[in-house]
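What follows is each chain in one-letter form.
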Amino acid sequence: MRQFFRNLGRSVLAVVQGNGRQDSPGKAAGTGDDSNAPGIRLAGVNLGPRPWLVLGGGGLRGLGHLGGWKALLEGGFVPAGILGTSIGALVGAGLASGRPLGELVEQALELKRGDLVRVYRRALWVNGIRASSVLRGDVLRAYVAEVLPAEGWSGLELPLQVNAVELGSGRTHWFGPGARTDASLLDAVLASASLPVLYPPVRLPDELYYIDGGAGDALPLERAWEVGATGIVALDVGSGEGEAADGAKAVESGLVGVHQRVFSIMSGRRRRESIANWKGPPLIYIRPRLDGYGTFDFQHLDYFLEEGERAVREALEATGASDPVLSAADPSPP
């Protein structure tokens, strides 16, 4: 089965060298100027002494992050920190906590629809259009709590920051050491993963409501630069890029299906613009072949894990190959 999926084709691997600058626009205080220090090399690219890992959003496709992490570790890559959005926030928190990878993978493969998807009954009432979500937020909270360390932020072994969008202003907020820590790790990750319409906005200690970080930035490359990354490895598991989706099928799925497709189009466009216009430190952008799979595709969890691993291994083996580095300057439209 693994070989079958490998034969489906190659993932997109883009190595973007940036403009050669190593000074971030908002470099964290106290990091020092070690941009000329010996750096970590990956896929033939010098990522400098402080490379960060960026894990994007993408629903259950985000389990590919676990497979990607396995390949990165085996390749000798350990990031200085992790940035996560939506499912990337959840997986990133699990990884940053130091939990054994095998334990996280086992938990992922045991995931059932009922662990995440239970309809909020009020949404089915005659006046259900006024419900805050279609699915129950408490169900998602319970699952997220099982993944995260009970100690919260203090239980992390690697620096982690996750984002969420404040519903009123539309501004992206960052949570974690070096950013806001007034919200618990559980609340911050929950907010980052609360897809609007599907899950209810999360109320944080500032009395404001927050939604999925992907509504603002599903692949936060700029943030990695701001926190002082000298190089970036980004895993993009989102939909929308190069995907010929069936519009009729989205319509047939109803309000939620249409909304999810629109969300994918918008976040996909933002991701492509970020890559095409990148002017920061060296960036290795890896996109596994996950187009066409849904946000809640419980039938292909094994494939998501395997494809994430395969795509990263391909990146690690790219050095010296004749054609592994593809241009990200002209990504395909959604």
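Residues numbered from 1 in each chain as written. Predicted model: local features only at pLDDT ≥ 70, side-chain atom pairs only at ≥ 80, totals over all residues. Heavy atoms only, no water.

1. Remarks on the overall build of the protein
For the protein, the helix and strand inventory stands at 11 helices and 11 strands. Evaluated residue by residue, the protein yields a buried proportion of 54% over its 334 residues. At a minimum sequence separation of 6, the contacts of the protein that also span at least 24 residues come to 77%. Of the accessible surface of the protein, which amounts to about 14,700 Å², a share of 53% is contributed by carbon and sulfur atoms. (Helix = DSSP H or I, 4+ residues; strand = E, 2+ residues; numbered from the N terminus. Buried < 20%, exposed > 50% of the residue type's maximum accessible area, 1.4 Å probe, protein only. Contact = heavy atoms within 4.5 Å. Areas by Shrake-Rupley, 256 points an atom, 1.4 Å probe, with all protein chains shown as cover.)

2. A word on the packing of aromatic side chains
Geometrically, a pair of aromatic rings is defined through the distance of the ring centres and the angle of the planes. Going through the model one piece at a time under the given rule, you end up with 5 aromatic pairs. On the basis of an interplanar angle of 90° and a centroid distance of 5.4 Å, the ring pair of Tyr293 and Phe304 is categorised as edge-to-face. Note that Tyr293 is positioned in the loop between strand S11 (283–287) and helix H11 (301–316) and Phe304 in helix H11, a separation of 11 residues in sequence. Aromatic ring contacts, followed pair by pair, group Tyr293, Tyr303 and Phe304 into a single cluster. (Phe/Tyr/Trp six-rings, centres within 6.5 Å; stacked < 30°, edge-to-face > 60°.)

3. Concerning the pattern of salt bridges
In total, this model carries 17 salt bridges according to the counting rule given. The salt bridge partner of Lys70 is Glu74, with a shortest N-O separation of 3.0 Å. Remark: Glu74 and Lys70 occur in helix H2 (residues 64–74); sequence separation between them is 4 residues, near one turn of the helix. The closest approach of N and O atoms between Glu314 and Arg310, which form a salt bridge, is 3.3 Å. Taken together, the residues Glu314 and Arg310, both in helix H11 and 4 residues apart, mark about one turn of the helix. (Salt bridge = Lys/Arg side-chain N within 4 Å of Asp/Glu carboxyl O.)

4. Some words on the packing of H2 against H11
Running from N to C, H2 and H11 cross one another at 35°; their axes reach a closest spacing of 6 Å. In terms of crossing hand, the pair formed by H2 and H11 is right-handed. Across from Gly64, Leu66, Gly67, Gly68, Lys70, Ala71, Leu72 and Glu74 in H2, the residues of H11 making contact are Phe304, Leu305, Gly308, Glu309, Val312, Arg313 and Leu316. Residues that form the contact of H2 with H11 fall into these classes: 7 nonpolar, 4 polar and 4 charged. (Axes fitted to C-alpha atoms, helices over the stretch in contact; angles between N-to-C directions. Left-handed = near helix turned anticlockwise from the far one by under 90°. Nonpolar A, V, L, I, M, F, W, Y, C, P; charged D, E, K, R; others polar.)

5. Details of the pairing of strand S7 (residues 172–175)
In the sheet, strand S6 (residues 160–166) pairs with S7 via 4 bridges, with the strands oriented antiparallel. Paired with Ala164 across the strands is His173, a residue of S7. A loop of 5 residues connects S6 with S7, the two strands running antiparallel in sequence, and Gly170 in this loop sits at a positive phi of about 80°. (Pairing = 2+ DSSP bridges.)

6. Notes on unusual backbone geometry
Unlike most non-glycine residues, Ser86 shows phi in positive territory, near 60°. Tracing the chain through its elements places Ser86 in the loop between strand S5 (81–84) and helix H3 (87–96). Taking the relative accessible area as the measure of exposure, Ser86 reaches 7% and is therefore buried. Of note, the phi angle at Val197 is positive, near 80°, even though the residue is not glycine. Mapped onto the secondary structure, Val197 falls in the loop between helix H7 (185–192) and strand S8 (202–203).

7. Describing the nonpolar core
Core analysis: the biggest nonpolar cluster contains 66 residues, and Ile82, Leu95, Leu160, Phe175 and Val189 have the highest contact counts within it. Aside from chain neighbours lying at most four places away, what touches Leu95 is Leu55, Leu66, Trp69, Ile82, Leu101 and Leu104. Within the second largest apolar cluster, 16 residues are counted, among which are Trp174, Ile232, Ala234 and Trp278. (Core = buried A, V, L, I, M, F, W, Y, C linked by side-chain atoms within 4.5 Å.)

8. A short note on H11
If you check H11, its first and last C-alpha atoms are 23 Å apart, about what 16 residues at 1.5 Å a residue would give, namely 22 Å. Burial of H11 is extensive: 13 of the 16 residues sit out of reach of the surface. (Expected span 1.5 Å × (residues − 1).)

9. Side note on the confidence of the model for the protein
Low-pLDDT portions of the prediction should not be read for the details of their coordinates. Looking at the protein as a whole, its pLDDT mean stands at 80, while 74% of the residues score no less than 70. Taken together, the stretch residues 1–12 has pLDDT below 50 and engages in 24 contacts with residues farther than four places along the chain or on a different chain. Here residues 320–334 scores under 50 on pLDDT; set against residues more than four positions off or in separate chains, the count is 29 contacts. (pLDDT = per-residue confidence, 0-100.)

10. A closer look at the side chain of Asp297
Relative to the elements of secondary structure, Asp297 occurs in the loop between S11 and H11. For Asp297, a relative accessible area of 10% corresponds to the buried category. Within the structure, Asp297 has its side chain in polar contact with the backbone nitrogen of Gln299 (distance 3.2 Å). Side chain to side chain, Asp297 and His300 meet in a polar contact 2.8 Å long. Residues in contact with Asp297, not counting those within four places in the same chain, are Leu60 and Phe304. (Polar contact = N/O pair within 3.5 Å; in protein donor to acceptor, adjacent residues only side chain to side chain.)

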